[in-house]
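Letter by letter, the chains look like this.
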Amino acid sequence: DVKVTQSSRYLVKRTGEKVFLECVQDMDHENMFWYRQDPGLGLRLIYFSYDVKMKEKGDIPEGYSVSREKKERFSLILESASTNQTSMYLCASILYPGSTEAFFGQGTRLTVV
Amino acid sequence: GESVGLHLPTLSVQEGDNSIINCAYSNSASDYFIWYKQESGKGPQFIIDIRSNMDKRQGQRVTVLLNKTVKHLSLQIAATQPGDSAVYFCAENNNAGNMLTFGGGTRLMVKP
């Protein structure tokens, strides 16, 4: 079974802090994604990566950056956390470009106070 | 200030009835359209997909219909069960298959 693991289930951070959300997948998937999920807004794509050290902006990249130094790990970075970044963050991976079955982590609920 | 989220559309059905969940999409260039199910406290899970050159695909108790003329996608669940209670998202792949873009979601509630 494919496993996508996010490092934290719940996180509370202060405004202005630098925040790292980590995601690891164990099935050698090519593409990895970071989404944020807010009530009624669905899943909005922040960034995605289709290869090591490669990244592309999604729909809402402002205030975020990402890092993919190894194929299995995709990190989301909030350079200076703000209260409007309080949300559920979901990491996902797909085996190859064009694959329709994404595997999601359990999510990280981030609260910025 | 704080952003106010939109209300999640909700569909309430009786156990044993059929459910139909609808979705409108915008990108006509997508190769595939996909349905995901998200249960409480979990990440979304793949249910079924349909290629853009098809108009119907059936799975186990689920059928997806694609109407490209009006850019509409639907998921039909036969004999809905309590375990079907979840939020359902439609999605499409684009950017040469590198991206998966999701819709806003519909909450399905199954009444016993």
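In this report, the structure presented in the accompanying data block is examined. (Residues numbered from 1 in each chain as written. Chains lettered and ligands numbered in written order. Predicted model: local features only at pLDDT ≥ 70, side-chain atom pairs only at ≥ 80, totals over all residues. Heavy atoms only, no water.)

We now examine the overall build of chain B. Per the secondary structure count, chain B includes zero helices and ten strands. A compact globule built from 112 residues should have a C-alpha radius of gyration of about 13 Å, and chain B, at 14 Å, falls within 12% of that. With the C-alpha coordinates aligned to their principal axes, the bounding extent of chain B is approximately 45 × 40 × 25 Å. Within the span of chain B, comprising 112 residues, buried residues form 41% of the whole. A separation of at least 24 residues holds for 53% of the contacts in chain B among residues at least 6 apart in sequence. Within the structure as shown, chain B displays about 6000 Å² of accessible surface, and the carbon and sulfur contribution to it stands at 47%. Side chains of chain B give 10 positive and 9 negative charges; the mean places of these two sets differ by 3 Å. (Helix = DSSP H or I, 4+ residues; strand = E, 2+ residues; numbered from the N terminus. Rg over C-alpha atoms; globule rule 2.2 N^0.38 Å. Buried < 20%, exposed > 50% of the residue type's maximum accessible area, 1.4 Å probe, protein only. Contact = heavy atoms within 4.5 Å. Areas by Shrake-Rupley, 256 points an atom, 1.4 Å probe, with all protein chains shown as cover. Lys, Arg positive; Asp, Glu negative; His and termini not counted. Charge placed at Lys NZ, Arg CZ, Asp CG, Glu CD.)

A few words now on the layout of surface pockets. Taken as a whole, the largest pocket spans an internal volume of roughly 760 Å³. What lines the largest pocket is a set of 35 residues, and nearest its centre among them are Q37(A), D38(A), P39(A), M88(A) and R109(A). Considered as a void within the structure, the second largest pocket measures approximately 250 Å³ in volume. Along the walls of the second largest pocket sit 13 residues, with F103(A), F104(A), G43(B), P44(B) and Q45(B) positioned nearest its centre. (1 Å grid on protein atoms, 1.4 Å probe; cavity = no way out; pocket = protein on both sides within 12 Å on 5 of 7 lines; lining within 4 Å. Points joined across faces, edges and corners; volume = space filled by probe spheres on them.)

Moving on, we get to the side chain of T63(B). Residues and elements named next belong to chain B. Structurally, T63 is set in strand β6 (residues 62-67). Since its relative accessible area comes to 11%, T63 is described here as buried. When residues no more than four places from it in sequence are discounted, the contact partners of T63 are K56, R57, Q58, S74, L75 and Q76.

Quick look at the interface of chain A and chain B now. Each partner contributes to the interface: chain A provides 25 residues, whereas chain B provides 25 residues. Area buried by chain A at its contact with chain B is led by G40(A), L43(A) and T100(A), which between them contribute 28% of it. Our count for the contact surface shared by chain A and chain B stands at zero salt bridges. Inspection of the chain A/chain B interface yields eight residue pairs in polar contact (both at pLDDT 80 or more). For the side of chain A that touches chain B, the secondary structure elements donating two or more residues are β4 (31-38), β5 (42-51) and β9 (87-94) of chain A. It is β5(A) that contributes the most residues to the side of chain A that touches chain B, five residues altogether. Split by residue class, the side of chain A that touches chain B holds 13 nonpolar, eight polar and four charged. (Buried area = accessible area lost by both parts, 1.4 Å probe. Salt bridge = Lys/Arg side-chain N within 4 Å of Asp/Glu carboxyl O. Polar contact = N/O pair within 3.5 Å; in protein donor to acceptor, adjacent residues only side chain to side chain. Nonpolar A, V, L, I, M, F, W, Y, C, P; charged D, E, K, R; others polar.)

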